[in-house]
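# An overview of the molecular structure
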Amino acid sequence: MRRARNMSPAATQELFIALSKGKLLPPALQWLARTGYTFSEKDLAGRKLVLTAKEGRLHAVLVKADDVPIYVEYGVADLGIVGKDTLLESEAEVFEPLDLGFGRCRLVVAGKPEHQKEDLRQRALVRVGTKYPKIARWHFDRVGVQAEIIALKGSVELSVLAGLAEVVVDIVETGTTLRENGLVVYHEILSSSARLIVNKASHKLKSAEIDALLRKE
Ligand code: PRP
């Protein structure tokens, strides 16, 4: 287990929450507004990476989605809002007390329609393009498919179109990206939504503040 380095000021019992700068940010800010914390439009529109709520006592650190579980696991942030898909891929040791319900999507295996009905177990090796190499490895080991996992950073669908991979393991939200690139879903691996995550030490040391936030939700 990685050791928590709690850099947030426990003495003042202020809370730090890690938020991702992508698609989850608007609904995460709406959720925080319901708990009584709002941020200045000027700060949100600018390049500041640490924002203090207008009401004080809560600070948001804005990071890449993949980094949210890391900031929370190490205790730099007490709390975080992150997709279940990203959380599983991170293998971070954090508490996950709340399914926030937004950011719903599916993690799927997808590829060209002509191979949709094929049994991938019959192939000697299947090359898989993905931003989720750990979940992909877990999935294909579980279903008995010999897979070579090719870890990518983005535009994963291109790996099939370009012949780098035969299938992808990727997120489907509206289905537009798959459709516009002529790909189809083969299997669903899991469904995902945004989760509130909590650092294990903060859960004990700041339980009153965290409980108060959850009660207002
Ligand atoms: C994600 C995902 C798909 C797309 C799915 O990519 O990897 O490409 O969204 O959404 P859709 O079903 O609504 O089309 P993202 O936008 O995060 O960008 P990326 O290609 O850089 O990974």
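Preceding this section is the structure that the text describes.
Residues numbered from 1 in each chain as written. Predicted model: local features only at pLDDT ≥ 70, side-chain atom pairs only at ≥ 80, totals over all residues. Heavy atoms only, no water.

## Points about the pattern of salt bridges
Definition in use: Salt bridges are identified by distance alone: a Lys or Arg side-chain nitrogen within 4 Å of an Asp or Glu carboxyl oxygen. Put simply, DSSP H or I for four residues or longer makes a helix, DSSP E for two residues or longer makes a strand, and each gets a number counted from the N terminus.
All chains considered together, the criterion is met by 13 salt bridges. For the salt bridge of D119 with R121, the shortest nitrogen-to-oxygen distance reads 3.1 Å. Two residues, D141 and R137, come together in a salt bridge whose shortest N-O distance is 3.5 Å. Residue D141 and its partner R137 are both found in helix α5 (residues 133-143); the two are separated by 4 residues, about one turn of the helix. A single salt-bridge network, built from bridges that share partners, covers K84, E96, D99 and R195.

## Points about the site of the ligand
For clarity, the threshold we go by: Nearness here has a simple test: a residue counts as near a molecule or strand if at least one of its heavy atoms is within 4 Å of that partner. Any pair of nitrogen or oxygen atoms within 3.5 Å is treated as a polar contact; in protein, a donor-acceptor pairing is required on top of that, and neighbouring residues in sequence qualify only through side-chain atoms on both sides. Using the Shrake-Rupley algorithm and a 1.4 Å probe, accessible areas are obtained, with residue cover drawn only from the displayed protein chains.
Within the structure, the ligand sits among 13 residues, and K131, D170, T174, G175 and T177 are positioned closest to it. One nitrogen or oxygen atom from the side chain of K23 is found 3.3 Å from an oxygen atom belonging to the ligand. With respect to the ligand, the backbone of E173 contributes an N or O atom lying 2.8 Å from an oxygen atom. Burial of the ligand by the protein chains amounts to 71% of its free accessible area of 500 Å². Only β9 (167-172) and α7 (176-180) provide two or more residues apiece to the shell around the ligand. In terms of residue count, β9 provides more of the shell around the ligand than any other element does, 3 residues in total.

## Let's talk about the sheet that holds strand β2 (residues 50-52)
Basically, it comes down to this: For two strands to pair, DSSP has to find at least two bridges joining them. Between N-to-C directions, angles span 0 to 180 degrees; the directions come from axes that are lines fitted to C-alpha atoms, helices contributing only their stretch in contact. The contact criterion used is simple: two residues touch if any of their non-hydrogen atoms lie within 4.5 Å.
Spatial ordering of the open sheet is given by β2-β3-β1-β4-β11-β5, a layout of 6 strands whose pairing is mixed. Only two strands of the sheet have a single neighbouring strand rather than two, namely β2 and β5 (95-99). Looking at each pair of strands side by side, their axes are set apart by 25 degrees on average, direction ignored. Strand direction decides the pairing type here: β5 and strand β11 (residues 194-198), joined by 3 bridges, are antiparallel. In the sheet register, L98 faces β11, and the bridge partner there is L196. Contacting β1 (15-20), β3 (58-63), β4 (79-83), β5 and β11, helix α1 (residues 25-34) crosses the sheet at an angle of about 150 degrees to β1.

## Some details on unusual backbone geometry
Note the cut-off: Here the term buried applies to any residue with accessible area under 20% of the maximum for its type, exposed to any over 50%, and partly exposed to those in between, with areas from a 1.4 Å probe on protein chains only.
A positive phi angle is found at R57, which is not glycine, with a value near 70 degrees. Mapped onto the secondary structure, R57 falls in the loop between β2 and β3. Exposure remark for R57: the relative accessible area of 44% places this residue in the partly exposed category.

Coordinates in, geometry out; function isn't part of it.
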